Amino acid sequence: MSDIFNNELFEAFASASDNVYIYVCDMATDVSRWSKASVKYFGLEGEYIKEAGNVWAQHIHPDDLDVYLADVEAVFAGTKRNHDCQYRAKNFMGEYVWIECKGSVIRDAEGNPMIFAGLMTRIDGQSKYDSLTGLLTTHEMHHFDFTAQPGAALLIGVDGFRKIVGNYGYNTGDEILIEFSRKIKHLCKPEWKVLRFSGDEFLVIAFGAERQNVIDFYKKLRQETDIIELEDERKINISASAGGVLFPQDADSREILINNLEHSLDYAKNNQRGTLVFFSEEIARKHERGLALRDDLKQCMKNNFKGFELFFQPFVDPASHSIVGCECLLRWKGEKIKDSYPMEFIRVLEDYGGIQEVGFWVMEQAMKQQVAWRDTYGELRVSFNVSYQQFLDDTFEDRLVACAEKCGVDPTYIVIELTESCRVDNPEELAVVFDRLRKRGFKIALDDFGTAYASLEMLKRLHIDYIKIEHSFVRELAEPGHDIDYIIIENLLKMCRHLGYDSIIEGVENDKVDDIVRTMDATMLQGYHYSRPICRTDFEKLLDEGKKL
């Protein structure tokens, strides 16, 4: 095969743009090489094509074929120097798109054609068609009338797409989106419209459809996209959530439709992931609150974390009932929103990425507080939560160590809690981070132990110092018929002793439970029976009273 096919310049130009496609043909053999982007977008049989002129002609719109052939023939006849014309070509979705095709012929000394090379550029590709999937963009929604006939619209998003890209890379992410868009297009009825909305989100406008029609469509889509098989035969599990809107009753314009779809999809992703949720006024109110929370949180963070505060819940020694430490718990009151609870505002922080900086703020405040108490009350163990994403942040370890040195804290009294119920995709990588931190003296705890499917698997892979036994095993311990809870806790504590781990029993809420767990050889106890999470002033009052509860 000719060296023109193995030319580094071809490789460079071929990968330079998703919206421009190049080809080169060896005229002696009539074999062509096409860029991978052109093969993928136009659904060609492969990079190397025999008699590509005949193959390509089948992609050209019948009304434009004569224009194309006349131009190419003029170039080969020598009556025209360069190939240059515009026509419509069919992409892999079966849709015709306008392209501008330019090319030229290189001839030998005798004037015989040797090489024909050129490029095709999609016209209006940035506004009318999405360069990756070939779908229409939302620009085309201006042509849709949502009052002429009833129908339904779905906004579909791939769940956790950022994590997929983080695990597999951007190229694999693009492949998944291309295959996902193909599945959507395949399942849609001819009169429905499919558009690339943004990022991992796709919009289906189902003209003439009723609610049940799109419910059935979504169920089939979930079944067919549960596993995405890529060209290299890799299989990747994905989940997709969707928001639904019926028109014209819930939206009679483009702006209202998009707004209500975003409300519904946001609710589905945050509350019922992997499902289709139809718009309602209640969902809209919740979404608007989420947006208000995000804005208020951002403003407070910019204003030196104003409104954020640490509360403290004691760790109690089972034998003496004295306070030996505490867990630091985040509370927040915004400038505008005063009633947000941690599960709500922390989720908002996680969704837009603010959890990292707030997490570092919590870390610094906890260490400062441990040092501030040391001279008056002696060394207290102070713990705070760190998310899995924070542990994997490249700056986390350096900032943690620098903060400890700046505050003058003894790392052996700092307990870093990983919420065990969060999904850990790469325990080996996390184990390396844990080992480095433990070598520096920091203590590591698995929080909520026993609630997630991977509890024992995590113990095999991670070296830690504490296990916190989740309160669901503890709170009804004194109730009749809950002997199994006692057996579970007893054996978890036994396992801790064998593994050399300390233990913290959470959820001690009354005298009866306290009487039971104090006999169970745990390292520390925690729960409302001793104290709810309280502000610094109230916690210091407990310490002033002799640290006994």
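Summary of the structure given here. Not measured: the values here are computed from a predicted model. (Residues numbered from 1 in each chain as written. Predicted model: local features only at pLDDT ≥ 70, side-chain atom pairs only at ≥ 80, totals over all residues. Heavy atoms only, no water.)

## Points about the pairing of strand β8 (residues 151-158)
Buried residues dominate β8, accounting for eight of its eight residues. Residue alternation in β8 divides its side chains into two sets, G151, A153, L155 and G157 and A152, L154, I156 and V158, and both sets are buried. Taken together, the seven bridges between β8 and strand β10 (residues 201-207) define a ladder with antiparallel strand orientation. Within the sheet, the bridge partner assigned to L155 lies in β10 and is L203. In this structure, β8 lies alongside strand β13 (residues 240-247), joined through eight bridges in antiparallel fashion. Counted as the bridge partner of G151 is F247 from β13. (Buried < 20%, exposed > 50% of the residue type's maximum accessible area, 1.4 Å probe, protein only. Helix = DSSP H or I, 4+ residues; strand = E, 2+ residues; numbered from the N terminus. Pairing = 2+ DSSP bridges.)

## Points about a negative patch on the surface
Taken together, the side chains of E262, D266, E350 and D351 define an acidic patch exposed on the protein surface. Broken down by secondary-structure element, the contributors of at least two residues to the negative patch are α8 (254-271) and α10 (342-352). Tracing the backbone shows E350 in helix α10. The exposure class of E350 is partly exposed, given its relative accessible area of 43%. (Patch = residues over 30% accessible without salt bridge, like charges linked within 9 Å, V, L, I, M, F, W, Y side chains within 5 Å. Areas by Shrake-Rupley, 256 points an atom, 1.4 Å probe, with all protein chains shown as cover. Salt bridge = Lys/Arg side-chain N within 4 Å of Asp/Glu carboxyl O. Lys, Arg positive; Asp, Glu negative; His and termini not counted. Charge placed at Lys NZ, Arg CZ, Asp CG, Glu CD.)

## Comments concerning the pattern of salt bridges
Enumeration according to the criterion identifies 26 salt bridges in this entry. A salt bridge links K185 to E95; the nearest nitrogen and oxygen atoms lie 2.8 Å apart. One end of the pair, K185, is in helix α6 (residues 170-187); the other, E95, is in the loop between β4 (82-90) and β5 (96-107), and 90 residues separate them in sequence. The residue D130 makes a salt bridge to R196 at a minimum N-O spacing of 2.7 Å. In this pair, D130 is assigned in the loop between β6 (113-122) and β7 (136-137) and R196 in strand β9 (residues 193-198), connecting sequence segments 66 residues apart. A relative accessible area of 11% means that D130 is categorised as buried.

## Side note on the sheet that holds β5
Taking strand neighbours across the sheet as the criterion, the six strands line up as β3-β2-β1-β6-β5-β4 in an open arrangement whose pairing is antiparallel. Looking at which strands have only one partner, the edges of the open sheet turn out to be β3 (48-50) and β4. Each adjacent strand pair in this sheet contributes to an overall mean axis angle of 25°, direction not counted. Taken together, the three bridges between strand β2 (residues 31-34) and β3 define a ladder with antiparallel strand orientation. Its bridge partner being in β3, V31 is matched across the sheet by K50. Sitting on the sheet, helix α4 (residues 65-77) touches β4, β5 and β6, and the angle it makes with β4 is about 155°. (Axes fitted to C-alpha atoms, helices over the stretch in contact; angles between N-to-C directions. Contact = heavy atoms within 4.5 Å.)

## A short note on the pairing of β5
One ladder, built from nine bridges, connects β4 with β5; its direction is antiparallel. Within β5, the residue paired with D84 across the bridge is K102. Taken together, β4 and the strand that follows it, β5, pair antiparallel across an intervening segment of five residues, in which G94 is found at a positive phi of about 85°. When β5 meets β6, the two strands line up antiparallel, connected through nine bridges. What sits directly across from E100, in β6, is T121. Hairpin connection, β5 to β6: the antiparallel pair is bridged by five residues, and G111 has positive phi, about 90°.

## Describing the sheet that holds β7
Strands in a sheet are paired, the pairing made by backbone hydrogen bonds, and the direction either parallel or antiparallel. With respect to topology, six strands assemble into an open sheet ordered β7-β9-β10-β8-β13-β14, the strand pairing being mixed. With one partner strand each, in any of the chains shown, β7 and β14 (276-278) form the two edges of the open sheet.

## Some thoughts on the packing of aromatic side chains
For the structure shown, the criterion picks out 27 aromatic pairs. Centroid distance F180 to F202: 5.6 Å. Interplanar angle 55°. Geometry classified as tilted. Pair noted here: F180 is in helix α6 and F202 is in strand β10, with a separation of 22 residues, a long-range link. A relative accessible area of 0% places F202 in the buried class. Residues F305 and F308 carry aromatic rings whose centres are separated by 5.9 Å and whose planes lie at 65° to one another, so their mutual orientation is edge-to-face. (Phe/Tyr/Trp six-rings, centres within 6.5 Å; stacked < 30°, edge-to-face > 60°.)

## Quick notes on the environment of D375
Along the chain, D375 falls in helix α11 (residues 355-377). Residues D375 and F449, 74 residues apart in the sequence, show an inter-C-alpha distance of 33 Å.

## Digging into α4
Over its 13 residues, α4 runs 18 Å from end to end, which matches the ideal 18 Å to within 8%, given 1.5 Å per residue. Listing the buried residues of α4 in full gives Y68, D71, V72, A74 and V75. Taken end-on, α4 shows its buried residues confined to a sector of 155°, consistent with a single buried face. Exposed residues lying more than 90 degrees from the buried face of α4 are D66, E73 and A77. In the core, the buried residues of α4 are packed alongside α3 (52-57), β4 and β5. Downstream of α4 by a residue or two, G78 has a phi angle that is positive, lying close to 90°. (Expected span 1.5 Å × (residues − 1). Arc of directions from axis to C-beta.)

## Quick notes on the side chain of N260
The residue N260 is located in helix α8 in this model. Exposure remark for N260: the relative accessible area of 7% places this residue in the buried category. Setting aside residues up to four positions removed in sequence, N260 forms contacts with V245, D250, A251 and F279.

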